[in-house]
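Next come the chains, spelled out residue by residue.
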Amino acid sequence: MTDRAFLKLTGLLIGLWLVLPTLVIVPVSLNPRRSLAVSWSDWSLQWFQRFFDDPRWLDALTTSVVVAVQASVLATVLGTMAAFALERVTGKFRRVLDASIATPIVIPVILLGIGIYFAFLRWGLAGTTQGLVLAHAVTALPLVVHPVSAALSRYDRSLDRAASSLGAGAVARFYQVTLPMIAPGVLAGALFAFIWSFDEVVMAIFLSSPRQPTLPVLMFNSVTQSVDPTVAAASVLVLASSTVVVLLAMALSRKGARSG
Amino acid sequence: MADQTSLKSRTRWRTATRPQTSHGGVELRLTGLTRSFGSAIAVDNVDLTVKPGEFMTLLGPSGSGKTTTLNMIAGFLAPDSGRIMFDGRDVSSLPANRRNIGMVFQNYALFPTMSVRDNVGYPLRQRRVKASQRRSQVDAALEMVELGHLWDRRPAELSGGQQQRVALARAIVHRPPLLLMDEPLGALDRRLRDSLQSEIAAIHRHVGSTVIYVTHDQDEALCLSDRIAVFRDGRIEQLSSPSDMYEQPETSFVASFLGDSNILVGTFTRDGNLRLPDGTEVRCGPADAGRGDAAVAGPATVVVRPERMRLTELEATPRSGTNCLVGVVIEERYLGATRMVALDVGGDRRIVVRENSGAGQTRPIGSRLRVCWEPADGVWIDRGADRHGESS
Ligand SMILES: Nc1ncnc2c1ncn2[C@@H]1O[C@H](COP(=O)(O)OP(=O)(O)OP(=O)(O)O)[C@@H](O)[C@H]1O
Ligand SMILES: [Mg+2]
């Protein structure tokens, strides 16, 4: 066996090892009986039916979408601004800033959740949707800064000069020239931030309102407190939508890389 | 006598009596303009007045401060000291977008996300010109650069020459009183450069803007400009019309930067001649010259253009009054219409002669020939050294 083929095989096995346990929920969600087991003989869509009939699940889905939209918009605006600011900084200080923006990725989410929870308790934001939006937006920042910075590093600054020589002020330059050029990067960042917030469960357990749990929180509660295969249907829905959004975001950031 | 334009087989499009279309141009005045980067002075106390509608070329070697000067005029770079005036108004503190200029860049700098029409319409959009009016002005500008049919393309779908034409149209569509160009033809090949040069000249005639044109291509400078400012180390070395720049260079730097030249170094004699190190005396300049009258003997330099020199066989007797040296051919270069012949005239001195290649015979290496020129074709350079006090 050549080295190359060996590498490919190893990659494939690791990929399967990562993906297969996730895919197990697909047959579970099609299980016609009320158990979290796999049935190979017959199947039904009743748990999907249940998901869309039960207001608890639908409300949770709505809450998740509302939080994720707000958090990703906030993260995109702040992250894009941060990427612009970072552009201007060079040298040692730049590395310090890069590292500090990446902290949400490095620090265990449970620590972030506890820390933010105590801070929000004092500020009266614990258990509110706004609090959760804020927490998700801040922790999603690096996901936006990264693709936007990459797009900006390929952006030709002489376009700014051309635009200003032709009469454009700073605001017009940004909206008419720079933003259209870096749009794929910004959009990719927004989608990554959306998925981050939509899937996130640890901080949501600490911070979301008890009467308005997000979808991942409800799924967590459902698995720990009862045997309800609806959670499998919910998982499949989350898995499918996340996959679509992430693929879209990746295609966008690749497009940004090419057109830069 | 060899025709000096035969090698540069291009003509100047403008005749001396071109009607002054000053309606569209601004008077640009730079006073004491200075800018340094760290400890290096990029532009050093430059004074320059450009007349309305004038085509001024900043010519000079790499790093001489041309782009830095242009960027300060455009408003991209703040001067350390000095002032920039448009029609007597100090614009030094205005940002670039408030200076009402047009600019063409070496790398085109077209907006990749916009169509050709939107690119060209950009200055009008900033000036809030109505869409219908904008459209007709854009089409007229595109027509001027013969690209009317490509209005819906993206910049990436155009060739380099076409992109630069679009950039040109974009820079003049709003009829700016001042048009700045930084080596606009630098990235194009010879043929495209030639055709774009004539387009730039035509546009300048048509729009009447004052033009500041940066280049390090001497042919471009000679055929486009009303006046040329030769830059050296951040200063203007000489400011003249193209023909004066070529015929009457004031320093040996200008003489050797603009065209080929033979620089004869020797001493100035009391009777107004140049004595070469080997003792030969050559007569230079118009008979009266004027320069010699009060001068004492001292080091001096004379420039003679290669096309003003002739080669003859040793047997032929030179006409009296012409300057002649005898040399050995060390190199011959065939250039199509002309050829360059280099001779060693002794003492490590080299003389280059340009003659029409139609003359028939070649100049075999090693043959001894006489090289002659009229005294009037020798141009005195300030005795001693250049204005900087350095020799080059
Ligand atoms: N942003 C900058 N930082 C530091 N030094 C600079 C900067 N811009 C220009 N310089 C220096 O200033 C001097 C003049 O540069 P400038 O770009 O004006 O030259 P130029 O005449 O346009 O040359 P070229 O023909 O190569 O374009 C150079 O020595 C250059 O190294
Ligand atoms: Mg330059």
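Remember, it's a predicted structure, so these values are computed and weren't measured experimentally.

## Quick look at the packing of helix 4 (residues 55–88) of chain A against helix 9 (residues 170–199) of chain A
Residue and element names in this part refer to chain A.
Okay, step 1: The N-to-C vectors of helix 4 and helix 9 enclose an angle of 140°; their axes lie 8 Å apart at closest approach. In terms of axis orientation, helix 4 runs oblique to helix 9. Judged by the sense of rotation from one axis to the other, the crossing of helix 4 with helix 9 is right-handed. Counted together, L61, S64, V65, V67, A68, V69, A71, S72, A75, T76, T80 and F84 of helix 4 and F174, T178, I182, V186, A190, A193, F194, S197 and F198 of helix 9 form the full contact between these two elements.
Okay, step 2: Among the residues making up the contact of helix 4 with helix 9, the classes are represented as 15 nonpolar, 6 polar and no charged.

## Concerning the site of ligand 1
All names here are of chain B.
Okay, step 1: In the vicinity of ligand 1, the residues found are F37, A42, P61, S62, G63, S64, G65, K66, T67, T68, E183 and H216.
Okay, step 2: Contact distances for ligand 1 include 2.5 Å between an oxygen atom and a side-chain N or O atom of S62.
Okay, step 3: Taking G63, its main chain carries an N or O atom lying 2.8 Å from an oxygen atom of ligand 1.
Okay, step 4: Relative to its free-state accessible area of 640 Å², ligand 1 is covered by the protein chains to the extent of 56%.
Okay, step 5: Take the shell around ligand 1: its biggest share by element is 3 residues, from helix 1 (residues 66–74).
Okay, step 6: Taken together, the residues of the shell around ligand 1 sort by class into 3 nonpolar, 7 polar and 2 charged.

## Side note on the packing of aromatic side chains
In this description, a pair of aromatic rings is defined by centroid distance and the angle of the planes.
Okay, step 1: Per the counting criterion, the structure on display carries 13 aromatic pairs over all chains.
Okay, step 2: Considering the side-chain rings of Y117 of chain A and F206 of chain A, the 5.9 Å spacing of their centres and the 50° angle between planes classify their relative orientation as tilted. With Y117 of chain A in helix 6 (residues 109–123) and F206 of chain A in helix 10 (residues 202–207), this pair connects stretches of sequence that are 89 residues apart.
Okay, step 3: Through successive ring pairs, a cluster of aromatic residues spans F51, F52 and W57 of chain A.
Okay, step 4: The ring of W151 of chain B has R117 of chain B lying over it, and the distance from NZ or CZ to the ring centre is 4.1 Å.
Okay, step 5: Looking at R305 of chain B, its charged tip hangs above the ring of Y246 of chain B, at a distance of 4.0 Å from the centre.

## Some details on the UniProt feature "domain: ABC transmembrane type-1" (unreviewed entry) in chain A
Okay, step 1: Look at the UniProt record and you will see "domain: ABC transmembrane type-1" (unreviewed entry) annotated at residues 61–249 of chain A.
Okay, step 2: Segment residues 61–249 of chain A splits into 84% helix and 0% strand. End C-alpha atoms: 21 Å apart.

## A short note on the sheet that holds strand 6 (residues 101–104) of chain B
Residue and element names in this part refer to chain B.
Okay, step 1: Reading across the sheet, the 6 strands line up as 6-7-8-3-9-10 and stay open at both edges, with mixed pairing between neighbours. Each end of this open sheet is capped by a strand with a single partner; those strands are strand 6 and strand 10 (235–240). On average, each strand axis in the sheet is tilted by 20° relative to the strand beside it, whichever way the strands run.
Okay, step 2: Where strand 3 (residues 55–59) and strand 9 (residues 227–232) come together, 4 bridges link them in parallel fashion. If you follow T57 over to strand 9, its bridge partner there is I228.

Thresholds, definitions, all that
Residues numbered from 1 in each chain as written. Chains lettered and ligands numbered in written order. Predicted model: local features only at pLDDT ≥ 70, side-chain atom pairs only at ≥ 80, totals over all residues. Heavy atoms only, no water. Axes fitted to C-alpha atoms, helices over the stretch in contact; angles between N-to-C directions. Helix = DSSP H or I, 4+ residues; strand = E, 2+ residues; numbered from the N terminus. Parallel < 35°, antiparallel > 145°, perpendicular 65-115°, else oblique. Left-handed = near helix turned anticlockwise from the far one by under 90°. Contact = heavy atoms within 4.5 Å. Nonpolar A, V, L, I, M, F, W, Y, C, P; charged D, E, K, R; others polar. Near = heavy atom within 4 Å. Polar contact = N/O pair within 3.5 Å; in protein donor to acceptor, adjacent residues only side chain to side chain. Areas by Shrake-Rupley, 256 points an atom, 1.4 Å probe, with all protein chains shown as cover. Phe/Tyr/Trp six-rings, centres within 6.5 Å; stacked < 30°, edge-to-face > 60°. Lys NZ or Arg CZ within 6 Å of the ring centre and 35° of its normal. UniProt positions renumbered as here; feature names shortened; annotations may be inferred. Pairing = 2+ DSSP bridges.

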